[in-house]
Amino acid sequence: MTTRASIPLVILLAMAGCASRPKSTQAKSGGSSTQPMASSEGWQDKFDVDKSDLAARGMSQYIVLQPGRRAEYQSKDGKMTITVLPETKTVDGVQTAIVEERQSEGGKLKEVSRNFFAINNKTGDLYYFGEEVDEYKDGQIVGHEGAWISGQDGAHFGMLLPGQPKVGQKYYAEMAPRAKDRCEVKDTNAKVTTPLLGTFNGCLKIDETSPIEKSTSHKVYAPNVGLIEDDEMVLVRVEGGGGQ
């Protein structure tokens, strides 16, 4: 939980999120965000990207891939911690960042996943190369549902966040036999208020769905801060990794 000692830090981060998007966080000149290509059912599932342009470290408007970046979220009965680890992993020929996500419910560890991301520092596009998943029950690993790796068993990397999102943009984040999450940009200039960190302007709202599931997940990203809402999970603290 957020301690009193951390309040000055999170206030500074909230102030950064409330400001208009600074030019320094926009995609670098000379590059353009991934252009839509032919896709199935209106969802982009192919990405014209040169893998040599992808890196395990970098930042754009809504993501900071720097070791030590740590964000904590809380819901009524749950907690989630997302940390950019110092290690990297080569996946499908690309050096990716390892981002650990730990989820607990009722004070008990529920899931730990290690997600593999790479960013195009020319365009700001963030690509998703897979995840390793450990599901827990009573302190013991009981499954690995949802795990997939780009380049293995027919899986292919997708895009998690476009560097220059546009309302109505639709694309796949996961393309694997058992993981087919897809994203639709709903708003690029939303005003969102959180209980502890105040109001953020210029937020990106994304709905996540899947053709193999009927549920919809709602995510909100704030400029210079990153993910601030994931369904019922709300950001309560973020620290480290630069980006401010």
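Calculation criteria
- Residues numbered from 1 in each chain as written.
- Predicted model: local features only at pLDDT ≥ 70, side-chain atom pairs only at ≥ 80, totals over all residues.
- Heavy atoms only, no water.
- Helix = DSSP H or I, 4+ residues; strand = E, 2+ residues; numbered from the N terminus.
- Buried < 20%, exposed > 50% of the residue type's maximum accessible area, 1.4 Å probe, protein only.
- Contact = heavy atoms within 4.5 Å.
- Areas by Shrake-Rupley, 256 points an atom, 1.4 Å probe, with all protein chains shown as cover.
- Core = buried A, V, L, I, M, F, W, Y, C linked by side-chain atoms within 4.5 Å.
- Phe/Tyr/Trp six-rings, centres within 6.5 Å; stacked < 30°, edge-to-face > 60°.
- Pairing = 2+ DSSP bridges.
- Salt bridge = Lys/Arg side-chain N within 4 Å of Asp/Glu carboxyl O.
- Polar contact = N/O pair within 3.5 Å; in protein donor to acceptor, adjacent residues only side chain to side chain.

Helix and strand counts for the protein stand at one helix and 18 strands. The proportion of buried residues among the 244 residues of the protein is 48%. Sequence-distant contacts, at least 24 apart, represent 51% of the contacts inside the protein between residues at least 6 apart. When the accessible surface of the protein is summed, it comes to about 12000 Å², and 49% of that surface belongs to carbon and sulfur atoms.

Okay, unusual backbone geometry next. At Asn224, a position not held by glycine, the phi torsion is positive, near 70 degrees. Along the polypeptide, Asn224 turns up in the loop between strand S16 (213-222) and strand S17 (226-230). The phi torsion at Asp231 lies on the positive side, around 55 degrees, for a residue other than glycine. Taking the relative accessible area as the measure of exposure, Asp231 reaches 38% and is therefore partly exposed.

It is characteristic of soluble globular proteins that their nonpolar side chains tend to be buried jointly. Residues Phe129, Leu161 and Ile228 are the most contacted members of the largest nonpolar core, which totals 58 residues. Of the residues forming this core, the biggest block, five residues, is contributed by strand S5 (residues 78-91). The residues contacting Leu161, other than those within four sequence positions of it, are Tyr62, Ile63, Gly124, Asp125, Leu126, Tyr171, Leu204, Ile206 and Tyr221.

Moving on: the packing of aromatic side chains. For the structure on display, the rule yields six aromatic pairs. Measuring from centroid to centroid gives 4.7 Å for Phe129 and Phe157, while their planes differ by 15 degrees, and the two rings are stacked. In this pair, Phe129 is assigned in strand S8 (residues 126-137) and Phe157 in strand S11 (residues 156-161), connecting sequence segments 28 residues apart. Linked through ring pairs, Phe47, Tyr127, Phe129 and Phe157 together constitute an aromatic cluster.

Next up on the list: the pairing of strand S9 (residues 140-143). Taken together, the three bridges between S8 and S9 define a ladder with antiparallel strand orientation. Residue pairing in the sheet places Lys137 in a bridge with Gln140 of S9.

Attention now moves to the pattern of salt bridges. Here the structure, examined in full by the defined rule, presents twelve salt bridges. One salt bridge connects Lys110 with Glu105, and the closest N-O pair in it is separated by 3.4 Å. For Glu105, a relative accessible area of 45% puts it in the partly exposed group. Between Asp230 and Lys219 there is a salt bridge; the shortest N-O distance is 3.2 Å. Placement of Asp230 in strand S17 and of Lys219 in strand S16 is noted, with a sequence separation of eleven residues between them. Residues participating in the shared-partner salt-bridge network are Arg114, Glu132 and Asp134.

In this section: the environment of Asp92. Topologically, Asp92 is positioned in the loop between S5 and strand S6 (94-105). Of the residues examined, Asp92 reaches a relative accessible area of 27% and is grouped as partly exposed. The spacing of Asp92 and Ser150 is 58 residues in sequence and 5.8 Å in space, taken between C-alpha atoms. In this structure, Asp92 is in contact with Lys51, Phe129, Ser150, Gly151 and Phe157, ignoring residues within four places of it in sequence. Polar side-chain contacts of Asp92 include one of 2.8 Å to the side chain of Ser150.

As a further point, take the pairing of S6. By the bridge criterion, eleven bridges tie S5 to S6 in an arrangement that is antiparallel. Along S6, the bridge assignment pairs Lys79 with Ser104. The hairpin turn running from S5 into S6, its antiparallel successor, is two residues long, and Asp92 in that turn takes a positive phi close to 55 degrees. Bridging between S6 and strand S7 (residues 108-120) involves nine bridges; their strand directions are antiparallel. The residue of S7 that forms the bridge with Glu101 is Ser113. Where S6 folds back on S7, the antiparallel hairpin that results is connected by two residues, among which Gly106 adopts a positive phi of roughly 60 degrees.

Checked against the element boundaries, Asp45 lands in the loop between helix H1 (7-18) and strand S1 (54-55). You can call Asp45 buried: its relative accessible area is 15%. Each C-alpha atom of the pair Asp45 and Met159 lies 8.8 Å from the other, and the pair is 114 residues apart in sequence.

These values are about where atoms sit, not about what they do.
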